[in-house]
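Fold and contact review
Residue-level listing of the chains:
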Amino acid sequence: MNVTLAVKQYISKMIENSGPGMKVLLMDKETTSIVSVVYTQSEILQKEVYLFERIDSQSRDSMKHLKAICFLRPTKENVEHLIQELRRPKYSVYFIYFSNVISKSEIKALAEADEQEVVAEVQEFYGDFIAVNPHLFSLNLQGVARGRSWEPSMLSRCTQGLTSVLLALKKCPMIRYQLSSDMSKRLAESVKQIITKEYELFDFRKTEVPPLLLILDRSDDAITPLLNQWTYQAMVHELLGLNNNRIDLSRVPGISKDLREVVLSAENDEFYANNLYLNFGEIGTNIKNLMEDFQKKRPKGQQKLESITDMKAFVDNYPQFKKMSGTVSKHVTVVGELSRLVSERQLMEVSEVEQELACQNDHSNAQQSVRRLLQNPRLSELDAVRLVMLYALRYERHSSSILPSDGRAEQERSMVQSVVEYGGKRVRGSDLITPTDAVAITKQFFKGLKGVENVYTQHQPLLHDTLDQLIKGRLRDGQFPYLGASSLRDRPQDILVFVIGGATYEEALTVYNLNRTTPGVRIVLGGSSIHNTKSFLEEVMLTTGHSTGGDRAHGSGRHGNRR
């Protein structure tokens, strides 16, 4: 159950199948992203792939000494591009791989276009998704809904993406869906239809306990994507924006030319892999330890590293350190910028109030805390809106009392109304805030008695409780029914969760920890996108019809710009 490994194996197999010799990798916009998150260009270069081209590029030269490996989504546009390519081939031979199921009629059209007989192979390799982490995938889609219904093209794309993941992992699952969401049921039925239609593809060796696909709706938990998250990967996405593992640092004050865009990939960066899920304080300590180890090799002129500023100065002053340890230089820069933004936007104070809103049940105190922060001139617009939205979701009846009265009020009121319309009490299938059953109330009571280790990480997403109940066999059929007559009697072992409307890195952390602490259970999380606050607000505004515009596809929170 490793989506990163599945995609890497597909790409390795494509290159291997083409045999020895110089090659070009011909891709489309989406498969370029799919490949780039699991392989670096230098890694692919070692496999004799010396050129990377887009199928829709008009400026490609004829290079008959190269073999072409084509990795494309099976869209009408790509098939048409391939037909034109095969009529006037620029390369000696073509190995064609589609990232999903392609129709027989389109295969026939390609065969008819191949008059010069340059096609050596046509196969389906099911890598039709972005493998973000081994247990996390995204489809990079933004604005999947219109109100409570699917944007038609998005239902098709999510079906294709989900079936591709199932085929890549070789799973033919039983399906459960969120009853309160018609979109969840529609997607469950659409995936089941593909499994039935393409049964031969899903005819895998049967396991004693069938795998399970659980389809959820983002609107059931609108609080999680509004919270500041304090683990490394989550903070980077929230404050800097992760775009297919890339961060744009070009607007960082005093940034050097070679660090204007950096790549953070757990596959190729040991420090990032080891610190992905650690909190901000631990990351700073780990960077400091690395640099102090290097300093020990320099007996003269040692300096103490007491702060992020000291570390940045050290890196700038010792170019040979930069050369030896570009990875550490990169992370010092990233953590330094995170630290600057945390201080500038007073995010420690903001986050403490966010956690109070999400986890506590004291309206009077919450109202005072939010009002106090809203008076702070250093509070960014994004953080102000985030706080008011969290307050509105938590205390809907009182939400109008907290809105500011200045010129921003009308726009903010519209945004707050949108988020309540998207994920308020009327919409939620579960009681997100206040537990109603005796067991949940008791758990909350004892949690309150014990206190918390870290006030900034008290909150656990709704997904944690959902998966906990599922693993224990207590997830209610009335809220999460099975599609069809069959049901799972045994504890599930392989679980695939898909969140319509986008998942978050906090939920990915939940899945990572459950995988680590629950023997015999393997969970993979996916979403139509991976959100930070900004992209989630875009999703909300598109869904509720209050958007001022923007591209529905490929937004995915990848453009989480700073405010």
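Residues numbered from 1 in each chain as written. Predicted model: local features only at pLDDT ≥ 70, side-chain atom pairs only at ≥ 80, totals over all residues. Heavy atoms only, no water.

1. A word on the packing of aromatic side chains
A full pass over the atoms with the stated rule returns 11 aromatic pairs. For the ring pair Phe129 and Phe137, a centre distance of 5.8 Å and an interplane angle of 65° mean the geometry is edge-to-face. Judged on exposure class, the residue Phe129 and its partner Phe137 are both buried. Here Tyr391 and Tyr395 contribute two aromatic rings whose centre-to-centre distance is 5.5 Å and whose plane-to-plane angle is 50°, an arrangement assigned as tilted. For the pair Tyr391 and Tyr395, one class covers both residues: buried. Ring pairs connect the aromatic residues Tyr10, Tyr97 and Phe125, which therefore count as one cluster. The residue whose ring lies beneath Lys8 is Tyr39, and the NZ or CZ to ring-centre distance is 4.9 Å. Cation over ring: Arg148 sits above Tyr422, and NZ or CZ is 5.9 Å from the ring centre. (Phe/Tyr/Trp six-rings, centres within 6.5 Å; stacked < 30°, edge-to-face > 60°. Buried < 20%, exposed > 50% of the residue type's maximum accessible area, 1.4 Å probe, protein only. Lys NZ or Arg CZ within 6 Å of the ring centre and 35° of its normal.)

2. With respect to the pairing of strand β5 (residues 119-124)
As paired strands, strand β4 (residues 93-98) and β5 are joined by five bridges and run parallel to one another. Note that in β5 the partner of Ile96 across the bridge is Val122. A crossover connection joins β4 to the parallel β5 through helix α5 (residues 104-113); in handedness this β-α-β unit is right-handed. (Pairing = 2+ DSSP bridges. Helix = DSSP H or I, 4+ residues; strand = E, 2+ residues; numbered from the N terminus. Right-handed = clockwise from strand over helix to strand, strands pointing away.)

3. Some remarks on the pairing of β4
Counting buried residues along β4, six of its six residues qualify, which places the element largely inside the surrounding structure. In the sheet, strand β3 (residues 67-72) pairs with β4 via six bridges, with the strands oriented parallel. By the bridge assignment for β4, Phe71 is matched with Tyr97. At this point the chain moves from β3, through helix α4 (residues 76-87), to the parallel β4, and the crossover so formed is right-handed.

4. Looking at the sheet that holds β4
Sheet architecture is open: five strands sit in the order β2-β1-β3-β4-β5, paired in parallel fashion. Each edge of the sheet is formed by a strand with only one pairing partner; in this case those strands are β2 (49-54) and β5. Pairs of neighbouring strands in the sheet enclose a mean axial angle of 15°, with direction left out of account. (Axes fitted to C-alpha atoms, helices over the stretch in contact; angles between N-to-C directions.)

5. Looking at the packing of helix α15 (residues 363-374) against helix α16 (residues 381-394)
α16 packs onto α15 with a crossing angle of 165° between their chain directions and a minimal axis gap of 10 Å. Viewed along their axes, α15 and α16 adopt a mutual orientation that is roughly antiparallel. Considering the relative orientation of α15 and α16, their crossing is left-handed. Touching His363, Gln367, Val370, Leu373 and Leu374 of α15 are Ala384, Leu387, Val388 and Tyr391, all from α16. Looking at the contact of α15 with α16 residue by residue, the class counts come to seven nonpolar, two polar and no charged. (Parallel < 35°, antiparallel > 145°, perpendicular 65-115°, else oblique. Left-handed = near helix turned anticlockwise from the far one by under 90°. Contact = heavy atoms within 4.5 Å. Nonpolar A, V, L, I, M, F, W, Y, C, P; charged D, E, K, R; others polar.)

6. Side note on the confidence of the model for the protein
Averaged over every residue, the pLDDT of the protein is 85; the share at 70 or more is 86%. Every residue in residues 548-563 scores below 50 in pLDDT, and together they form 60 contacts with partners more than four places removed in sequence or on other chains. (pLDDT = per-residue confidence, 0-100.)

7. Let's talk about the packing of α4 against α5
The N-to-C vectors of α4 and α5 enclose an angle of 15°; their axes lie 8 Å apart at closest approach. Looking at the two axes, α4 sits roughly parallel to α5. Helix-helix and strand crossings are classified by hand; for α4 and α5 the assignment is right-handed. Mapping the contact onto sequence places Lys76, Val79, Leu82, Ile83, Leu86 and Arg87 in α4 and Glu106, Ala109, Leu110 and Ala113 in α5.

8. A closer look at the sheet that holds strand β14 (residues 494-500)
The strand order across the open sheet formed by six strands is β6-β7-β16-β14-β11-β10, and the pairing between neighbours is mixed. Looking along the sheet, the strands with just one partner apiece sit at the ends: β6 (130-133) and β10 (174-177). Along the sheet, successive strands turn relative to each other by an average axial angle of 25°, direction set aside. Summarising the sheet, β14 and strand β16 (residues 522-527) pair through six bridges and their orientation is parallel.

9. Remarks on the environment of Leu542
Position of Leu542 among the secondary structure elements: in helix α21 (residues 533-544). Through-space distance from the C-alpha of Leu542 to that of Gly147 is 8.6 Å; in sequence the pair is 395 residues apart.

10. Description of unusual backbone geometry
The residue Glu48 is not glycine, and still its phi comes out positive at about 70°. With respect to the secondary-structure elements, Glu48 resides in the loop between α3 (41-45) and β2. In this structure, Lys170 takes a positive phi of about 60° despite not being glycine. By the secondary structure assignment, Lys170 is in the loop between α6 (152-168) and β10. Owing to a relative accessible area of 53%, Lys170 belongs among the exposed residues under this scheme.

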